[in-house]
Amino acid sequence: MRKPLRIRIVMATVLMLLMVTGGAAVAQDQPEARKFTDPNDPGYEKPIANYDPWEGFNRSMYKFNYGFDKYFFVPVVKAYQFVLPQVVRTGIANFFNNLYEVENVFNNLLQGNAEGTVNSTARIVFNTTIGLAGILDPATPMGFTKMQEDFGQTLGVWGVGPGPYLVLPILGPSSVRDGIGTGVDAAVGTVWATFVVDEIYSSASDRDKLYWGWTGLYYISKRAGIPFRYYETGSPFEYEYVRYIYLKYREVEIEK
Amino acid sequence: MKRLSLMVLWLLLFPAAVVHASATTGAYDYPFVDPYTATVIGTPTIYRPNLPEEVPVKDYSLTVFEDRQIPDVFWYSEGLKFSLVPQKERAPLIFVIAGTGASYQSPKVKGLQRAFYQAGFSIISISSPTHMNFIVNASTTKVPGHIIYDSEDLYRVMELAYQKVADRVDVSEFYLTGYSLGASQAAFLTRLDEERQVFNFKKVLMINPAVSLFNSVNIIDQMLANTVGDEPGAFNSYLGRVIRAFATAFDRSEPLDFNEDFLYRVYKKRMPTNAALESLIGFSFRISSSNMIFTSDVMNGYGLLVPPGTQLRQTTPLTDYLAASLRISFLDYYNRYFYPFYHAQTPTLTSEQMQREMSLQSIAPYLRQTEKIAMMTNEDDLILAPGEIDFLQDTFGERATIWPTGGHCGNMEQKDVVAFMVNYFKE
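All figures in this text were calculated on a predicted structure; none of them were measured in a lab.

Peer 1: Describe in detail the overall build of chain A, supporting the description with residues and values.
Peer 2: Across its full length, chain A carries 9 helices and 2 strands. For chain A, the sequential pattern of α-helices and β-strands runs α-α-α-α-α-α-β-β-α-α-α. Expressed as a percentage of its 256 residues, the buried residues of chain A come to 29%. Sequence separation of 24 or more characterises 67% of the internal contacts of chain A that already satisfy a separation of 6 or more.

Peer 1: Mind laying out the environment of Leu 224 of chain B, listing which residues take part and the relevant values?
Peer 2: Relative to the elements of secondary structure, Leu 224 of chain B occurs in helix H8 (residues 213-228). Leu 224 of chain B has contacts with Ser 279, Gly 282, Phe 283 and Arg 286 of chain B, leaving out every residue within four places of it along the chain.

Peer 1: So what about the domain arrangement of chain B? Which residues, and what values?
Peer 2: All names here are of chain B. Domain boundaries assigned for chain B yield domain 1 (51-212 + 371-379 + 415-426) and domain 2 (215-352). A straight line from the C-alpha centre of domain 1 to that of domain 2 covers 24 Å. Residue-level contacts link 21 residues of domain 1 with 21 residues of domain 2. Looking at the side of domain 1 that touches domain 2 element by element, the count peaks at 3 residues for helix H5 (residues 132-138). By residue class, the composition of the side of domain 1 that touches domain 2 is 12 nonpolar, 7 polar and 2 charged.

Peer 1: Describe H8 of chain B, listing the residues and the values that go with them.
Peer 2: Residues and elements named next belong to chain B. When the terminal C-alpha atoms of H8 are compared, their 23 Å separation across 16 residues agrees well with the 22 Å that a helix rising 1.5 Å per residue should span. Of all the positions in H8, only Leu 213, Phe 214, Ser 216, Val 217, Ile 219, Ile 220, Asp 221, Met 223 and Leu 224 are classed as buried. On its buried face, H8 is in contact with helix H6 (147-165), helix H7 (181-196), helix H11 (274-300), helix H13 (330-345) and helix H14 (351-357).

Peer 1: Summarise the confidence of the model for chain B; cite the residues concerned and give the values.
Peer 2: For chain B, the average pLDDT comes to 88, and 87% of its residues sit at 70 or higher. Contacts of residues 1-25 of chain B to residues separated by more than four positions or lying in other chains number 25 contacts, the stretch itself having pLDDT below 50.

Peer 1: Before we move on, could you go through unusual backbone geometry and cite the residues and values that matter?
Peer 2: Residue and element names in this part refer to chain B. For Ser 180, which is not a glycine, the phi torsion comes out positive at approximately 55 degrees. By the element assignment, Ser 180 lies in the loop between strand S5 (171-179) and H7. The backbone of Gln 197 shows a phi angle near 55 degrees, a positive value even though the residue is not glycine. Locating Gln 197 in the fold gives a position in the loop between H7 and strand S6 (203-207).

Peer 1: So what's going on with the pairing of strand S2 (residues 80-85) of chain B? Residues and values would help.
Peer 2: All names here are of chain B. Counting buried positions along S2 yields 6 of 6 residues, so the element is predominantly enclosed. The pairing of strand S1 (residues 58-62) with S2 spans 5 bridges and is classified as antiparallel. Across the sheet, residue Asp 59 finds its bridge partner in S2, namely Ser 83. In this structure, S2 lies alongside strand S4 (residues 122-126), joined through 4 bridges in antiparallel fashion. Pairing of Phe 82 across the sheet is with Ile 126, part of S4.

Peer 1: Explain H7 of chain B residue by residue, including any values.
Peer 2: Residues and elements named next belong to chain B. Under the 1.5 Å per step criterion, the end-to-end length of H7 is 22 Å for 16 residues, consistent within 8% with the ideal 22 Å. Considered for burial, the residues of H7 that qualify are Leu 181, Gly 182, Ala 183, Ser 184, Gln 185, Ala 186, Ala 187, Phe 188, Leu 189, Thr 190 and Asp 193. Of the residues one or two after H7, Gln 197 is the one with positive phi, at around 55 degrees.

Peer 1: Kindly report on the confidence of the model for chain A, identifying the contributing residues and their values.
Peer 2: All names here are of chain A. Of the residues in chain A, 80% have a pLDDT of 70 or more, and the chain-wide mean is 81. Summarising per-element confidence for chain A, the mean pLDDT is lowest in helix H1 (residues 3-23) (44) and highest in strand S1 (residues 165-168) (96). Predicted confidence is poor over residues 1-29, with pLDDT under 50, and the contacts of this stretch with residues over four places away or in other chains come to 26 contacts. Here residues 37-43 scores under 50 on pLDDT; set against residues more than four positions off or in separate chains, the count is 13 contacts.

Peer 1: Break down the packing of helix H4 (residues 101-110) of chain A against helix H5 (residues 114-129) of chain A for me, with residues and values.
Peer 2: If you want to describe how two helices pack, look at the angle between their axes and the distance between the axes. Residues and elements named next belong to chain A. The contact between H4 and H5 brings their axes to 8 Å, and the two run at 160 degrees. By the angle between their directions, the pair H4 and H5 is classed as roughly antiparallel. Where H4 crosses over H5, the handedness of that crossing is left-handed. On H5, the residues that touch Glu 101, Val 102, Asn 104, Val 105, Asn 108 and Leu 109 of H4 are Gly 116, Thr 117, Ser 120, Thr 121, Arg 123 and Ile 124. Looking at side-chain class alone, the contact of H4 with H5 contains 4 nonpolar, 6 polar and 2 charged residues.

Peer 1: Describe the pairing of S4 of chain B, and please don't skip the residues or the numbers.
Peer 2: All names here are of chain B. Of all 5 residues making up S4, 5 are buried, and the element is well covered by its neighbours. Residues Ser 122, Ile 124 and Ile 126 point to one face of S4 and Ile 123 and Ser 125 to the other, with burial holding for every one of them. Relative to S4, strand S3 (residues 91-97) runs parallel, the two being bridged by 5 bridges. Within the sheet, the bridge partner assigned to Phe 95 lies in S4 and is Ile 124. Handedness of the S3-helix H4 (residues 107-118)-S4 crossover: right-handed.

Thresholds applied
- Residues numbered from 1 in each chain as written.
- Chains lettered and ligands numbered in written order.
- Predicted model: local features only at pLDDT ≥ 70, side-chain atom pairs only at ≥ 80, totals over all residues.
- Helix = DSSP H or I, 4+ residues; strand = E, 2+ residues; numbered from the N terminus.
- Buried ≥ 20, exposed ≤ 12 C-beta atoms within 10 Å, placed from the backbone.
- Contact = placed C-beta atoms within 7 Å.
- Domains from an automatic or database assignment.
- Nonpolar A, V, L, I, M, F, W, Y, C, P; charged D, E, K, R; others polar.
- Expected span 1.5 Å × (residues − 1).
- pLDDT = per-residue confidence, 0-100.
- Pairing = 2+ DSSP bridges.
- Axes fitted to C-alpha atoms, helices over the stretch in contact; angles between N-to-C directions.
- Parallel < 35°, antiparallel > 145°, perpendicular 65-115°, else oblique.
- Left-handed = near helix turned anticlockwise from the far one by under 90°.
- Right-handed = clockwise from strand over helix to strand, strands pointing away.

Have a look at this one:
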């Protein structure tokens, strides 16, 4: 087993501990919001409610992510966008999409989705060859469009519910199920990526540098593709809306 | 490209709803004759002028009141944010005031920035006094919607904003514009500027103003009420449907903001019926008003939603407040909070007087004689009550430009409309 994978497992363990300890700290001593009972709607219930027993921890993590984003991640992304022209950035994003397409194959197989497995495999074959190691994406115009399948969805297809809502450090909105899914996908991706790195470089010290370099680049490229910025939605209920939409979005994705 | 293909799909699916406007009017080329569609969809790319994607914009933050306490629950909103788009050379500067609930960086404001920057103007963009960040940092009464006080707050912010960037931009003279509620405020701001004479605006353009705020908010309330219906549980099930529709159409590569623009994007992808479009406009405003009302209630400790004495902290769950505030119509806000609050300050003020004060009619003589103000709206603007378009035509006379279609602000990015706005300030 290689070092990067070990570090990831340690991180995942720390994360689990944080979840468990953070969950205990939520206080329930607030008076209730005043109800606006609509005369036309006596059966009024909470229209936007999600299972979020660790809300105190989650909100703290949301705030941490805001700080990380604002003072580190977004400035790095801006520098990345300033230094590299759009066409190069698209190439990099395509390259990583192709590299980690293997996760889609893996999850499609586990979900027993033959069509999806063929689709993802075809994408790898065409994009790696005609697409010059994945820098271009000729598979999409050929009709093999990208379909994101992660292990969280696989668990969902197997009938596992989302469990409590969970805000992950840096990665943001998730659930216990999807958090575990993210860990499994990361493990699969890491095994695959180290295998690919090994094929390219045989010297051990170079290999680690290359691995960490491209892991960093991968996350920067990924963040660059997401325009969301924390606390810029103009709503005091941003946390609630993001949670609600995330959970619904996952429901819909699993149904697809 | 994606936008274009969606448009084509729309045209194929709803040929009856779409008539090429050029067939009837000649010059003005805007595709939607239905005001609801226009308001929701806005202007498809092919009907827009060629403008730069990006303009050099810089964001700033202001401390408006030194002694303002920012509640813990709004910790992230400290400092009033605005933006400057400067020209390198000496140029006129246009202040842009955003519409109801919208921020200085909303898509409509950005559209104006692109057009005005290309035409050689510098721009300072300010959030609406109904936007959370403005209420928290810059509202004197903290009860938004009062057009006289809100305009005074805006004027103070504009002064501070200009002071802050004065050494970064070379200004020859000052202009002012705003859309929707921001347009109505622009009229009051111009009148205020005559007294204070800080900017001495040379030209002012009102874009789709509300004439009577009270009438407009009632119309908007009805849009939601009409569709959602009266049955028990109707609102909840409506909400569930909308959020589900959103989740289905959600695309991580698009920006997320919880104001009117957010839901418009959803339904762009869902091709809804006219009734759904109408309710969606109402619901989008409802999201904006719930943000506004909760923020105001917390800032004032008024107790409309949050029981007095409640300590809202950074990690306090707010779901119950969100649920409760989504149930408050504009009329509820007016009756339960807005009017009682101002009535307590001026006990002689009747509700009728108040409603009249919150209107352009109250300053009609000023608007009639003030040559530097021009007004632009659409014949089918949804927020105007019967007779209000005639009032606008009559009051502004030759300074009124009324487009045949476009709904409420739907045509702001249309080629001819952009050319008109730019030319107005250039001439």
